[in-house]
Amino acid sequence: MQIRDIMRSCSVMPVLVIENVEHAVPLAQALVDGGIRVLEVTLRTEAALAAVKAIVDNVPGAIVGVGTVVRPEQFQAAKDAGAVFAVTPGLTPKLAAAARACGIQLLPGVMTPSEAIAALEEGFDAMKLFPAEQAGSLGMLKAMGGPLPQILFCPTGGVSLESAPKLLALPNVGCVGGSWLAPKDMVAKGDWAGITALAREAAALRPE
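Residues numbered from 1 in each chain as written. Predicted model: local features only at pLDDT ≥ 70, side-chain atom pairs only at ≥ 80, totals over all residues. Heavy atoms only, no water.

For the protein, the name recorded in an unreviewed UniProt entry is 2-dehydro-3-deoxy-phosphogluconate aldolase, with Deefgea salmonis as its organism. Per its UniProt entry, the protein bears the Pathway (unreviewed entry) comment "Carbohydrate acid metabolism; 2-dehydro-3-deoxy-D-gluconate degradation; D-glyceraldehyde 3-phosphate and pyruvate from 2-dehydro-3-deoxy-D-gluconate: step 2/2." Per UniProt, the protein has the following entry under Catalytic activity (unreviewed entry): "2-dehydro-3-deoxy-6-phospho-D-gluconate = D-glyceraldehyde 3-phosphate + pyruvate". (UniProt positions renumbered as here; feature names shortened; annotations may be inferred.)

Listed below in structure tokens is the structure:
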């Protein structure tokens, strides 16, 4: 799948911080059961890559990627674990080159028009607006849609269940990123049914 296809496969891309690898499979299954198939596992914890592999091996239907990629060597490690896409908070020439070299789909983070143009020059036309709230969110995306209509965005950072529908209605938004689908307390308690309910609510934000 190309990154645009991945983005169009979900309304909300959950940003998952998995501290305990034992939580990976039931968490992913709960989200998939609720209709959220695209999962971004952030590389913020020691358990992240093992969590990716566990999900890939045990949760059919999940489209698994990694987030918070900030070093070139992380792309190959993510691909080796089974990830099919990667998300970065920003973009540098070294990161762009490393992603191309290992063949993983990349959703690079940008915050300004200049950064978006730089990403276009690197060959990317799908990007994460990050941090979305601080960047202007709805207003910024509307403004960028005029001069840069070829870019498909995934606004992430400060997006909520309440703000997501207006963002998803924009023609240059493929999906939104959000952490509210896997609250830390619910994951710690193993409230997988509750997380499935949150996923169903999120999946219904944009009718198929």
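A. Structural view of unusual backbone geometry. With an omega dihedral of -15 degrees, the bond running from Phe130 to Pro131 counts as a cis peptide bond. The topology assignment puts Pro131 in the loop between strand E7 (126-129) and helix H7 (132-135). Even without being glycine, Thr68 reaches a positive phi, approximately 55 degrees. Assignment of secondary structure puts Thr68 in the loop between strand E3 (63-67) and helix H4 (73-81). At Ser137, a position not held by glycine, the phi torsion is positive, near 45 degrees. Locating Ser137 in the fold gives a position in helix H8 (residues 137-145). (Helix = DSSP H or I, 4+ residues; strand = E, 2+ residues; numbered from the N terminus.)

B. Quick look at helix H3 (residues 48-58). Turning to H3, its buried residues number three or more, namely Ala48, Ala51, Val52, Ala54 and Ile55. The buried residues of H3 occupy an angular sector of 165 degrees when projected down its axis, which confines them to one face. Those residues of H3 that are buried lie in contact with helix H2 (24-33), strand E2 (38-42), E3 and H4. (Buried < 20%, exposed > 50% of the residue type's maximum accessible area, 1.4 Å probe, protein only. Arc of directions from axis to C-beta. Contact = heavy atoms within 4.5 Å.)

C. Spotlight on the sheet that holds strand E6 (residues 109-110). If you trace the three strands from one edge of the open sheet to the other, you get E6-E7-E8, paired in parallel fashion. Of all the strands in the sheet, just E6 and strand E8 (152-153) have a single pairing partner and so form its edges. Sheet analysis places E7 next to E8, joined by two bridges and oriented parallel. Looking across to E8, one finds that Met127 is bridged to Phe153. Together, E7 and E8 form the strand contacts of H8, whose direction differs from that of E7 by roughly 150 degrees. (Pairing = 2+ DSSP bridges. Axes fitted to C-alpha atoms, helices over the stretch in contact; angles between N-to-C directions.)

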